[in-house]
Amino acid sequence: MAKKSARSEEEVKAESDPSPMIDCCFLLLMFFIVNAAQITVSKDPSVNMPNAVSASEMKDANGCIVVNVFADPDVMGSKNPAALEKFNKTYAPGTIWGVADSNQDSIGYNSGQLQELTDYIKQQRESMESKGIKPEMIRLYLRGDADAPWDRSSGAIRAAAAAGVSNIVFGTLPAEN
Amino acid sequence: MARHKKIEPPAEEEITSNISSMIDCCFLLLIYFLAATSLVSEKKLDISIPPPAQGSSSKKPKVDPGNIYVTKAGVVTWNEGLTVGEAYNPELKPGTPEYLQQRRMESLVESLKMLKEQADAVDTTPVVMLHGAAGAPHQRIVDVMAALSEADIHSVGLSTTADE
């Protein structure tokens, strides 16, 4: 009897084994790191991206010169008031093209500043070339608003062509989602 | 007496590594990447602007170039005759069947595929010119680009025409 009571008094250590949780955690971490590597172009929330039924994956954003093309503020505001508010806070009135400088600060250009936009693209191209990016890999990444008039997009393409960039990438979202 | 005193070995200490700080870091990184990752990633449509013609411009191309016109309202026509896309309706909600119907321009894709086959037959690159009205919606231009991409045509000349 004495023996039995001694056994029941034995301490049972309750330990939680965190190793499967850590394994899962690492797997998730790796998944998100791999996915995050694709997001290398800065995204302006004021742009309502167009949708395309046939588009390919953006595998490498290296060499992309991002130019945002905005819709008219009234159209932007009617679809997304938050986007208009952000746009008004970030850019001066009349801005139709937006880019980001090396510090990720937004710069806006109006329709009369095509030459300034050309200079910006040229400067970016030269900077990328000096970093060893092949000229054929340098592309204009056009993030045009779905409701932006075509002359704004074509203006940005003309600026890129004048700056020596002839490869154009149209940024889109998948239509079937 | 001191000589006979037994030296007791030090009490056994369990050697454990404290991994809690590593787990903390791991969780922080996980939260960062979770927040930074957008699962609906942007896609792309590549085109390249053909270089300006060099030498004699009177040289006739092996295959007649295709012309796509997009009006201010978003109506898309192929070679000035065939209407391949109706006017753009900005009120349609993405994801609805009507929206997808408007995005797809099957007759344009067919025409472009025929042009590509003709060009391939004579071992040349198909030439397509896209004439967009100044006020044409960007979405309609992207629809045309998607059709070009589906037909495997990536060299496109672009021009802007006055709004009618």
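Looking now at the overall build of chain A. Along chain A, the regular secondary structure elements total six helices and seven strands. Each helix (α) and strand (β) of chain A, taken in turn from the N terminus, gives the series α-α-β-β-β-α-α-β-β-α-β-α-β. Taken across its 177 residues, chain A has 36% of its residues classed as buried. At a minimum sequence separation of 6, the contacts of chain A that also span at least 24 residues come to 72%.

We now examine the sheet that holds strand β2 (residues 66-70) of chain B. Residue and element names in this part refer to chain B. The sheet built from five strands is open, its strands ordered β4-β3-β2-β5-β6 with mixed pairing. Strand pairing shows two members of the sheet lacking a second neighbour, β4 (82-85) and β6 (156-161), which therefore form its edges. Going across the sheet, the axis of each strand differs from the next one's by a mean of 25 degrees, ignoring polarity. The pairing of β2 with strand β5 (residues 128-133) spans five bridges and is parallel.

Among the nonpolar cores identified, the biggest contains 66 residues, and Leu140(A) and Ala156(A) are the most heavily contacted of them. Top contributing element to this core by residue count: helix α4 (residues 138-150) of chain B, with seven residues.

Before going further, it helps to examine unusual backbone geometry. A positive phi angle is found at Asp123(B), which is not glycine, with a value near 55 degrees. Overall, the presence of 7 C-beta atoms within 10 Å leaves Asp123(B) in the exposed class.

Every contact between the two is made by 42 residues of chain B and, on the other side, 46 residues of chain A. Counting only elements with at least two residues in the side of chain B that touches chain A, the list comes to α1 (20-36), β1 (43-48), α2 (97-103), β5, α4 and β6 of chain B. Partitioning the side of chain B that touches chain A into residue classes produces 24 nonpolar, 11 polar and seven charged. Where strand β2 (residues 56-57) of chain A lies against β1(B), two bridges are found, and the strand directions are antiparallel. Its bridge partner being in β1(B), Ser56(A) is matched across the sheet by Lys44(B).

As a further point, take α4(B). Residue and element names in this part refer to chain B. Relative to the 18 Å expected for 13 residues at 1.5 Å per residue, α4 spans 18 Å between its end C-alpha atoms, a close match to the ideal helical length. In terms of residue burial, α4 counts as a mostly covered element, since 12 of its 13 residues are buried. Of all the residues in α4, the buried ones are His138, Gln139, Arg140, Ile141, Val142, Asp143, Val144, Met145, Ala146, Ala147, Leu148 and Ser149. Two residues or fewer after α4 comes Asp152, characterised by a positive phi angle close to 65 degrees.

All names here are of chain A. Assignment of secondary structure puts Val12 in the loop between α1 (2-8) and α2 (19-36). With 4 C-beta atoms packed within 10 Å, Val12 lands in the exposed category. In this structure, the C-alpha to C-alpha distance between Val12 and Glu176, residues 164 residues apart in sequence, is 57 Å.

Attention now moves to the pairing of strand β7 (residues 167-174) of chain A. In this structure, strand β1 (residues 51-52) of chain A lies alongside β7(A), joined through two bridges in parallel fashion. Considered in β7(A), the bridge of Ala52(A) is made with Pro174(A). The pairing of strand β6 (residues 139-144) of chain A with β7(A) spans three bridges and is parallel. Within β7(A), the position partnered with Tyr141(A) by the bridge is Val169(A). A crossover links β6(A) with its parallel partner β7(A), the connecting element being helix α6 (residues 150-162) of chain A, and its sense is right-handed. In this structure, β7(A) lies alongside β1(B), joined through six bridges in antiparallel fashion. When the bridges of β1(B) are listed, Val169(A) appears paired with Asp46(B).

We now examine the packing of helix α3 (residues 106-121) of chain B against α4(B). All names here are of chain B. Interhelical geometry of α3 versus α4 gives an angle of 45 degrees and a closest axis separation of 9 Å. Relative to α4, α3 is oriented oblique. α4 is crossed by α3, and the crossing has right-handed handedness. Contacts between α3 and α4 involve Leu108, Val109 and Leu112 on the former and, on the latter, Ala147, Leu148 and Glu150.

So, on to the pairing of strand β5 (residues 106-110) of chain A. Residues and elements named next belong to chain A. Sheet topology places strand β4 (residues 95-100) next to β5; five bridges connect them, and they run antiparallel. Bridge assignment links Trp97 to a residue of β5, and that residue is Tyr109. Adjacent in sequence and paired antiparallel, β4 and β5 are bridged by five residues, among which Gln104 carries a positive phi angle near 65 degrees.

Thresholds applied
- Residues numbered from 1 in each chain as written.
- Chains lettered and ligands numbered in written order.
- Predicted model: local features only at pLDDT ≥ 70, side-chain atom pairs only at ≥ 80, totals over all residues.
- Helix = DSSP H or I, 4+ residues; strand = E, 2+ residues; numbered from the N terminus.
- Buried ≥ 20, exposed ≤ 12 C-beta atoms within 10 Å, placed from the backbone.
- Contact = placed C-beta atoms within 7 Å.
- Pairing = 2+ DSSP bridges.
- Axes fitted to C-alpha atoms, helices over the stretch in contact; angles between N-to-C directions.
- Core = buried A, V, L, I, M, F, W, Y, C linked by C-beta atoms within 7 Å.
- Nonpolar A, V, L, I, M, F, W, Y, C, P; charged D, E, K, R; others polar.
- Expected span 1.5 Å × (residues − 1).
- Right-handed = clockwise from strand over helix to strand, strands pointing away.
- Parallel < 35°, antiparallel > 145°, perpendicular 65-115°, else oblique.
- Left-handed = near helix turned anticlockwise from the far one by under 90°.

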